[in-house]
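Notes for the structure review
Listed below are the residues making up each chain.
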Amino acid sequence: MDFFNFDSDEEGDQDGKMSESSTSEEAESALEATDNEEEKERPDSSDTDLEIEGAERSFTPIKAAELYREACKLVGVIPVSYFIRNMEEPVMNLNHHGLGPKGTKAIAIALVSNTTITHLELEDNWILGEGATYLATYLVQMLRENCYIQELNISNNHLDTEGAEAVCRMFLDNISNIRAIKLAGNNFREEAAPYFSESLMGNYRMIELDLSHNEFAEKGGELLGQMLANNESLEVLRLSWNHLRMKGAVALSAGLRTNGTLKVLDVSWNGFGNEGAFALGEALKVNNVLVELDLSSNHISNEGTIKLSKGLEVNGSLRILKMSHNPMTVEGALALLTSIRRNSKTRMEEINISNVLVNEGFVRLVDVICEARPELDVVYGGVGGHITKRQEHRPDPMKVIQSYLDKNKLRLWDFFRKMDKEGSMKITVSEFRKAMMQQTQIPLDRVQVGELIRKLDSGRTGQVDYRGLVDTRNQMMRDQRRQLRLEESRQKKEKDKDERVLQTFNNAVEVISPRSSIVMSLSQKSLLLPESESRPSTHFSATPLTSWYYPATTGASTNSQHSAEQASSSNHPLFQSEPHSASTGMLISSLEEPNLYCSEAPVCSDCNMADSEPDTDSNTQLSGVTASHRATPVENRNITHRPPYHLVGGRSAVASTQQKHQKKAAKKNK
């Protein structure tokens, strides 16, 4: 059994490694000292064996307490009385006790053999205030030995990237019995995201993970989306108060699309925006497992809410939707309710838009929906909101006049001459106003006439001349053309943005979708083995989503791409650990895409050639070009590869043999 070293001199070791042999000897000496003290206190062995066994049972809890005291004495800290008093309770709450690194070390030593504590709370204790990885290893080693602790809270302990690496090794091995872990507020940045992604993709024990109040952004969202698409055990994921936005939000939504186990997703207080809401709507069209989604305070406006509602129209699993503190109005709230009303298979039970003021129409719609779905509860801010009414758009009066002239095939001079009785090309403002208000052929009201006069008599001269009327018409036509261009440009930008987000979402789904045909079998080597003993594997790297698309290449280009990815994955920190035994090292799924495009790659015996038979009458010339026949994996078996088919003129030997037999049969028929 691995134990921990009490030697305080090793705490400053730069490598952060513990000597297991020395720690076990010191722990055994502590136990022997405790046993000797107990033997001195025992009376003479004149009692029966039954009484001796009863005495040993009565001293069992004292041994654990004495072990903890001895550990505190050797480490140099004061024992925590609360810990000693509650060592036999299932829940141990040591939050805000100021344990520090040394105090945590003593606690870890005492918990190695504990069999009663199932829930351990160690929040806000500055566990990694000194020594970083070295001190985090105490808890990890303890959890390797203790199989009774199932819930762990080590939030707000300044773990940083080094602590994330130590904790993720435990996930990677699938050794600990931890089912729920809280790692909130530990200063995890983008550098820590690869550790969680790699370790949780193959983890099958973790059910609940809390990574809130950290600093994951775009790269972190991409890697966590990769993890979501391949993890098959996680049911609760909390990522609130991070920096998830743009591509990170879209990638996380793409992972949710293919996930089949996650039931609760909390991404509140991030920056998903309308783009992230659009991606989530696309994910909800496919995902039928998610039960609760928290999107509070994500800068989602009415536009994003409408896009999200398209996914709610077909989703049949979501029960709780929280969207409070978003800049939406009653228009977005009505879109949510309308989508629920249209969905016949919805299971929605709660919609929280507590900051939105609604109107009476919204309340009436809620009453109508609740008659058919009495379990639905809609939480809103109150009645008093209103749909913003756009001001009545009045057409440009000069445009109305020009339309009338075009319809009746008249000139502008004809229109002005009817008002200019004297023929001076000028009339007074009062005469122009009177003429326009008395005529009935052109539909202009008093406001429009006043607006037209302000344009014609901008200098306040009291006169309206023909030249000014012509200039006003020309300016109106220029303004009309400019507004038309602006509207077309705005619509094009919105369309391009939606297409770009959708393309990014589809590319992310294509890359991070789990591939069952390449899952590693139990007889293969572990990913933790040295590179010389295990097959190199390809792993996802957090590159921009625009480069996630894998082009179909052949020959050396494909091989060079895979070799580069293999080299980068071999340098990953999680692959630089020591080899693990076969009994403890658990295998995880690899995201490697087998190279089946070129003739140089070995073809599996359980693979079928996807290409159809070559046409016997074809005279296609393939000289100088390497043909690429892609094999389709049928089953995932751990078997040795057969030698590759030899290509003859760009075709396989089997295909060329079949072609010869067909030619012979054709000659016989003739």
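A brief report on the enclosed structure follows.

Conventions and cut-offs
Residues numbered from 1 in each chain as written. Predicted model: local features only at pLDDT ≥ 70, side-chain atom pairs only at ≥ 80, totals over all residues. Heavy atoms only, no water. Helix = DSSP H or I, 4+ residues; strand = E, 2+ residues; numbered from the N terminus. Expected span 1.5 Å × (residues − 1). Buried < 20%, exposed > 50% of the residue type's maximum accessible area, 1.4 Å probe, protein only. Contact = heavy atoms within 4.5 Å. Phe/Tyr/Trp six-rings, centres within 6.5 Å; stacked < 30°, edge-to-face > 60°. Core = buried A, V, L, I, M, F, W, Y, C linked by side-chain atoms within 4.5 Å. Pairing = 2+ DSSP bridges. Right-handed = clockwise from strand over helix to strand, strands pointing away.

Turning our eyes to something else, we now look at helix H9 (residues 218-230). Residues lying three or four places apart along an α-helix face the same way, a consequence of the helix completing one turn every 3.6 residues. With 13 residues, H9 should cover 18 Å at 1.5 Å per step; its first-to-last C-alpha distance of 19 Å lies within 8% of that length. Counting buried residues along H9, 11 of its 13 residues qualify, which places the element largely inside the surrounding structure. Listed in full, the buried residues belonging to H9 are Gly220, Gly221, Glu222, Leu223, Leu224, Gly225, Gln226, Met227, Leu228, Ala229 and Asn230. Lining the buried residues of H9 we find helix H8 (193-201), strand S6 (236-238), helix H10 (247-258) and helix H19 (466-512).

Considering all chains together, one arrives at seven aromatic pairs under this definition. Ring geometry for Phe196 and Phe216: centres 6.3 Å apart, planes at 85°, overall edge-to-face. Here Phe196, found in helix H8, pairs with Phe216, found in the loop between strand S5 (208-210) and H9; they are 20 residues apart in sequence, far enough to count as distant. Taking relative accessible area as the criterion, Phe196 reaches 0% and is therefore assigned buried.

A few words on the nonpolar core. Counting residues in each nonpolar core, the largest one holds 94 residues, and the members touching the most others are Phe83, Ile154, Ile181, Leu183 and Phe196. Aside from chain neighbours lying at most four places away, what touches Phe196 is Ala164, Cys168, Phe171, Leu183, Phe188, Leu211, Phe216 and Met227. Among the nonpolar cores identified, the runner-up in size contains 23 residues, and Ile401, Met419, Val429 and Val449 belong to it.

Summarising the sheet, strand S9 (residues 320-322) and strand S10 (residues 350-358) pair through three bridges and their orientation is parallel. Looking at the pairing, Ile320 lines up with Glu350 of S10. On the question of chirality, the crossover connecting S9 to the parallel S10 by way of helix H13 (residues 330-342) is right-handed. The pairing of S10 with strand S11 (residues 377-383) spans six bridges and is classified as parallel. Bridge assignment links Ile353 to a residue of S11, and that residue is Tyr380. Tracing the backbone out of S10, into helix H14 (residues 360-372) and back to the parallel element S11 gives a crossover that is right-handed.

Take it as geometry only, folks, not as evidence of what the structure does.
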